[in-house]
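Per-entry structural report
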Amino acid sequence: SPHVANRRRPGRGFGGDGGGTSQPTPVACDARSDSAQSIAPPGSAAARGRRMPQSGCGAPVRRSSRLSSGAAGAIPTGVVEVREPPPGSPMRQNAHLPASQAAAAGSGSVGGCVADQGGAQRAMWLLRHLANGYRLICQFKCTEAITQFQHLPPAHYQTGWVLTQVGRAYFEMVQYPEALRVFEQAQSCEPHRLAGMELHSTILWHLKKEVVLCYLAKRAVELDRNSPYTCCVIGNCFSLQKEHDTALKFFQRAIQLQPDMAYAYTLSGHEHSAKDDFEKAMSCYRSAIRIDERHYNAWYGLGNIYYRQEKFDFAEHHLRKALAINPCSSPLFCYLGMALHANQKTMQALEMLTNAIAIDPKNPLARFQKAQVLISMDQYDSALVELKQLVEVAPKEGSVYFVLGKVYKKLGQQGKAMVSLTRALDLSPKDSQQIKAALLNLEREDNADDDEEL
């Protein structure tokens, strides 16, 4: 549920019960008297000790002390006093309109009080747009949600809650730079806001911005060190520094502070998975699903563990569950394609990887895995196209040049294969043995071809 800061209840309008500025009570003089009744000035002896004479109107009526009987400014008998409405009231605002339009604008008046129906309609329009945007976010229709929020007036768009929802939409679409920009804008609008910092810290974790993440953790501690959001931020900070045990302590503390926080369970599962403690990781993911069955991150975590355990059927099932919840995630399509390829479902895997690239053309893992699937299908030309595009996206990945060298070798382009393998050896020294073996095999084949020619 959204944490809305400083939400105000709409006002009930002008006045106490019905709203609107109360008009003065019409004052009618006694029909049996020849002149208006006079009221003694305040503070006089008559005002302090003499009762008002009774007239046919019933109870005595208090009038302005400025009026006196027989004076030049007195109100004649039978004339009702009319006062100018106060500045800023609906009556003053409609004074320039014709009588028919003014009556229509003041049709909400009850007992002389005018209700500001225009303000109520604007409030309902605003609430409708906010609720519709939040509904789209919950349905993971992220692009539509962003458009819905952007249609809000600037005064309402530039608020912490709205910007947090927009940043969350970009986060779900794995557009981390744009999501980071929006979250920073939300922090500048509401520096005291803690809700949403857990996603903000996760974005910094993915972007490997260690210094910025440490500063965010420091700010969160200064705001409230006992907040579950603060604990998640600190846990992500330690996780980025590979201190998984310390990160787990803070994630567990977040769970203690807010037992129904599914994301804290998921982050704990990620840390256990990084330590290869799969049993505890699966327990955390299942706890997150029990709290929120639409928490797709936990479904993905279970699918990833089953994939690493080579239980590809289970991995496919859980990844499909995650993808059914969030169909706009390119990584989910990618991991499902990897699970299908490992389970010998090549055509389905190729379809999923193609969908992942369509959602995010800059997803390097999706292109790399698609090239691997094409190589397994002996479609080397198509694989070469994917690898060349991948080199432009990730020019410093040694594994990409290694696979590229193997494809060039299959296509009979020995010179380009040698160049690609040498480049892979420079970028990935840890895989030097495998790359050197490929280079030796390539040299032997070249020597064999030379011998055949001789």
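Structure: see above.
Residues numbered from 1 in each chain as written. Predicted model: local features only at pLDDT ≥ 70, side-chain atom pairs only at ≥ 80, totals over all residues. Heavy atoms only, no water.

This part takes up the overall build of the chain. On a plain count of helices and strands, the chain comes out with 23 helices and 0 strands. Taken across its 454 residues, the chain has 40% of its residues classed as buried. Partitioning the contacts of the chain with sequence separation of at least 6, the portion at a separation of at least 24 is 51%. Here the chain displays about 25700 Å² of accessible surface, and carbon together with sulfur accounts for 52% of that area. (Helix = DSSP H or I, 4+ residues; strand = E, 2+ residues; numbered from the N terminus. Buried < 20%, exposed > 50% of the residue type's maximum accessible area, 1.4 Å probe, protein only. Contact = heavy atoms within 4.5 Å. Areas by Shrake-Rupley, 256 points an atom, 1.4 Å probe, with all protein chains shown as cover.)

It is worth spelling out the nonpolar core at this point. Ranked by internal contacts, the top residues of the largest apolar core, which has 89 residues, are F149, V162 and V166. If sequence neighbours within four positions are ignored, F149 has contacts with L130, G133, Y134, I137, Y157, W161, V162, Q165 and V166. Grouped together as the second largest cluster of nonpolar side chains are 21 residues, Y401, F402, V407 and A438 included. (Core = buried A, V, L, I, M, F, W, Y, C linked by side-chain atoms within 4.5 Å.)

A separate point is the pattern of salt bridges. Applying the stated rule across the entire model yields 11 salt bridges. With a closest N to O distance of 2.4 Å, R181 and E178 form a salt bridge. Of this pair, R181 and E178 both sit in helix α8 (residues 176-189), 3 residues apart, which is roughly one turn of the helix. Judged by its relative accessible area of 42%, R181 is partly exposed. With a shortest N-O distance of 2.8 Å, R367 and E386 are connected by a salt bridge. Linking R367 in helix α19 (residues 364-376) with E386 in helix α20 (residues 380-393), this pair joins segments that are 19 residues apart in sequence. Of the two residues, R367 and E386, neither departs from the other in class, the shared state being buried. Put simply, E316, R320 and K345 are held in one network by salt bridges that share partners. (Salt bridge = Lys/Arg side-chain N within 4 Å of Asp/Glu carboxyl O.)

Another point: the side chain of E271. Summarising the element assignment, E271 is placed in helix α13 (residues 262-274). Once residues lying within four places of it in the same chain are set aside, the contact partners of E271 are S239, H244, A247, L248 and F251.

All quantities given are derived from atomic positions and should not be read as evidence of function.
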